[in-house]
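Coordinates in review
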Amino acid sequence: MTGEADQANDDAPQAATVAALLRDPGLPPLETRILLAHVLGWTRTQLITRDRDPLGPATVAAFSALRARRLAGEPIAYLTGTREFFGLTLSVSPAVLIPRPETELLVELALARLAGITAPRVLDLGTGSGAIALAIAHACPSAHVTALDRSAEALDVARANAAQLDLLGPADNPRVHFVASDWYAALDAQSGITAPFDVIVSNPPYIVAGDPHLSQGDLRHEPVDALTDHADGLSALRRIVAGAPSRLRAGGWLLCEHGYDQAAAVRDLCLAANFADVFSAHDLAGIERTTGGRRV
Ligand code: GLN
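Residues numbered from 1 in each chain as written. Predicted model: local features only at pLDDT ≥ 70, side-chain atom pairs only at ≥ 80, totals over all residues. Heavy atoms only, no water.

The name given to the protein chain in an unreviewed UniProt entry is Release factor glutamine methyltransferase, and the organism recorded there is Pandoraea terrae. Within the UniProt record for the protein chain, the comment given under Function (unreviewed entry) is "Methylates the class 1 translation termination release factors RF1/PrfA and RF2/PrfB on the glutamine residue of the universally conserved GGQ motif." The protein chain has a UniProt comment under Sequence similarities (unreviewed entry) that states "Belongs to the protein N5-glutamine methyltransferase family. PrmC subfamily." (UniProt positions renumbered as here; feature names shortened; annotations may be inferred.)

Here's what the structure looks like:
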């Protein structure tokens, strides 16, 4: 009885229980757990309490397919179709960047500057999955958030996330607007969505062209235009900073995420655009990750 299972292909899951699949030498146990919870629709607790329940062949086949894709390098978030960000469960697809924990810093900095403003207006440039825009809308129910992206596919993902999270608001007074736009280009032409904003936020593509990380790990599977400007890493940030003063109300804030070594350069861009109170904030890894300034 034991022989048959033991002689199965070394590389394949050996027996159809959670406990057995967790002995998989190919994947880290955490990743096996995430994929199994997804396939089974079980909680982390059920994976523990039911770890000896026999699993059906369809479950095993579905898990094996995801396991093979993970071993081939696809990011876990694209396999499960979801990622947590700022306490929200967001749908993600390969059309959008997978939200990163360090980007929660940008949300926190924005929320701190929105506090006390009645019905603040927020602009998120390059919204992708909608992570930043929707986290702000969720935490600040009086805010009106405009979420821009050049990619129609990304806007579809962001819009679906807003609907799923019940953040669209009433049709005659939406909490979140979606606009197809190359940075500010279409914004000014879009009826009903005009400057000024109280806060402009962006996590633009900032990785330098040719950075080896672009061809390693999960990044290989993410939309390249969301990661790199195909130039020196600062070209999107230059456009965003240069266009911000004319779209912010006096006293309004611009906040941008950037690469680990770009803080001084982005502060210089902000100073050159006459921003006051220019600062950079550190992420939990101690890296200067977000830079901002106040329009005078
Ligand atoms: N933070 C991402 C990374 O380094 C890059 C995201 C971006 O370019 N905005 O993987």
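What follows picks up the thread again.
Let us look at the state of the cysteines. Applying the stated criterion across every chain yields a total of zero disulfides. Of all cysteine sulfurs in the structure, the one in C270 sits closest to C256, which takes part in no disulfide; the separation is 6.4 Å. Among the residues examined, C256 registers a relative accessible area of 0% and is labelled buried. What makes C270 buried here is its relative accessible area of 1%. (Disulfide = S-S within 2.5 Å. Buried < 20%, exposed > 50% of the residue type's maximum accessible area, 1.4 Å probe, protein only.)

Here we come to the nonpolar core. By size, the foremost hydrophobic cluster in this structure holds 34 residues, and its most contacted members are I136, V145, V201 and L255. Residues contacting L255, with those up to four places away along its chain left out, are L106, L109, A110, R113, V199, I200, V201, S202, F279, T291 and G292. If you look at the next biggest cluster of nonpolar residues, it comprises 29 residues, including V179, I200, I240 and L248. (Core = buried A, V, L, I, M, F, W, Y, C linked by side-chain atoms within 4.5 Å. Contact = heavy atoms within 4.5 Å.)

With that out of the way, let us pick up the packing of helix α7 (residues 104-114) against helix α8 (residues 131-139). The N-to-C vectors of α7 and α8 enclose an angle of 40°; their axes lie 10 Å apart at closest approach. As the angle between them shows, α7 and α8 are arranged oblique. Handedness of the crossing formed by α7 with α8: right-handed. Contacts from L106, V107, A110, L111 and L114 of α7 reach α8 at I132, A135, I136 and A139. (Axes fitted to C-alpha atoms, helices over the stretch in contact; angles between N-to-C directions. Helix = DSSP H or I, 4+ residues; strand = E, 2+ residues; numbered from the N terminus. Parallel < 35°, antiparallel > 145°, perpendicular 65-115°, else oblique. Left-handed = near helix turned anticlockwise from the far one by under 90°.)

Residues apart from glycine generally show negative phi values, whereas peptide bonds are mostly found in trans. Cis geometry is found at the peptide bond from A195 to P196, where omega equals 5°. Along the polypeptide, P196 turns up in the loop between β5 (176-180) and β6 (197-202). Its identity is not glycine, yet D277 carries a phi of approximately 50°, on the positive side. Turning to its location among the elements, D277 is positioned in strand β8 (residues 275-282). When its relative accessible area of 44% is taken as the criterion, D277 is described as partly exposed.

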